[in-house]
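What follows is the residue order along each chain.
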Amino acid sequence: MTPRPPHPKVLKTAMGAAEFVEQNNYSCTTIETVRGLRSKGCRVYALETTEKSQSLFEAPFFVEDDTSPVAFVLGNELIGVDITVMRECDGIIKLPTFGFKNSLNVATCAGIAVWDALRRLEKAREDQ
């Protein structure tokens, strides 16, 4: 299981930023967390490369003036997001890649997805 604040390794890596990030602990399992977020109006997207995935460029969040909360589920680098978790999500998004390898490491994937979400959110707020 991935550590979370106030775990010493997380706090060391965050270099003081952890105190500025709101933290919510929903449950023990990823599926329960996804369900909890969705019940509160948050749209949840798995970041995974599958036949059903749509490109991040076409993902339907923060479109026009919609600023509803969004969460991403990322899997580990060996097996990805569990299929039962993907079924609970509002959609499955992939990051477009070219060449032989069709995936990025989890940290890079998270950074790109969050950056794009923040870019879209800023634009949606400007359009309101």
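Here, the structure is the one placed above.
Calculation criteria
- Residues numbered from 1 in each chain as written.
- Predicted model: local features only at pLDDT ≥ 70, side-chain atom pairs only at ≥ 80, totals over all residues.
- Heavy atoms only, no water.
- Helix = DSSP H or I, 4+ residues; strand = E, 2+ residues; numbered from the N terminus.
- Rg over C-alpha atoms; globule rule 2.2 N^0.38 Å.
- Buried < 20%, exposed > 50% of the residue type's maximum accessible area, 1.4 Å probe, protein only.
- Arc of directions from axis to C-beta.
- Contact = heavy atoms within 4.5 Å.
- Pairing = 2+ DSSP bridges.
- Axes fitted to C-alpha atoms, helices over the stretch in contact; angles between N-to-C directions.
- Salt bridge = Lys/Arg side-chain N within 4 Å of Asp/Glu carboxyl O.

A. Region of interest: the overall build of the protein. On a plain count of helices and strands, the protein comes out with four helices and four strands. Listing each helix as α and each strand as β along the protein from the N terminus yields α-α-β-β-β-α-β-α. In summary, the protein has a C-alpha radius of gyration of 15 Å against a globular reference of 14 Å for 128 residues, a match within 12%. For the C-alpha atoms alone, the extent of the protein along its principal axes is close to 40 × 40 × 30 Å. Of all 128 residues assigned to the protein, the portion counted as buried reaches 29%.

B. Local environment of helix α2 (residues 30-39). Those residues of α2 lying buried are Val 34, Gly 36 and Leu 37. For α2, the arc enclosing every buried residue in end-on projection is 165°, short of the 170-degree limit, so these residues lie on one face. Looking at the buried residues of α2, the elements they touch are β1 (43-47), β3 (70-74) and α3 (83-88). Residue Gly 41 follows α2 closely and has a positive phi angle near 90°.

C. Structural view of the sheet that holds strand β2 (residues 54-55). Taken in spatial order, the four strands of this open sheet run β2-β4-β1-β3, and their pairing is parallel. Two strands close off the open sheet at either side, each with one partner strand: β2 and β3. Pairing of β1 with strand β4 (residues 91-94), which is carried by three bridges, proceeds in the parallel orientation. Paired with Ala 46 across the two strands is Ile 92, which belongs to β4. Contacts between helix α4 (residues 106-127) and the sheet are confined to β1 and β3, with β3 contributing the most and set at about 165° to the helix.

D. Region of the structure containing the pattern of salt bridges. Taken as a whole and assessed by the stated rule, the structure comprises five salt bridges. Note that Asp 116 and Arg 120 form a salt bridge whose closest N and O atoms lie 2.9 Å from each other. One end of the pair is Asp 116 and the other is Arg 120, both in helix α4 and four residues apart, which spans about a single turn. For Asp 116, a relative accessible area of 6% translates into the label buried. A relative accessible area of 10% places Arg 120 in the buried class. The structure contains a network of salt bridges with shared partners spanning Asp 116, Arg 119 and Arg 120.

These figures come from the coordinates and say nothing about function on their own.
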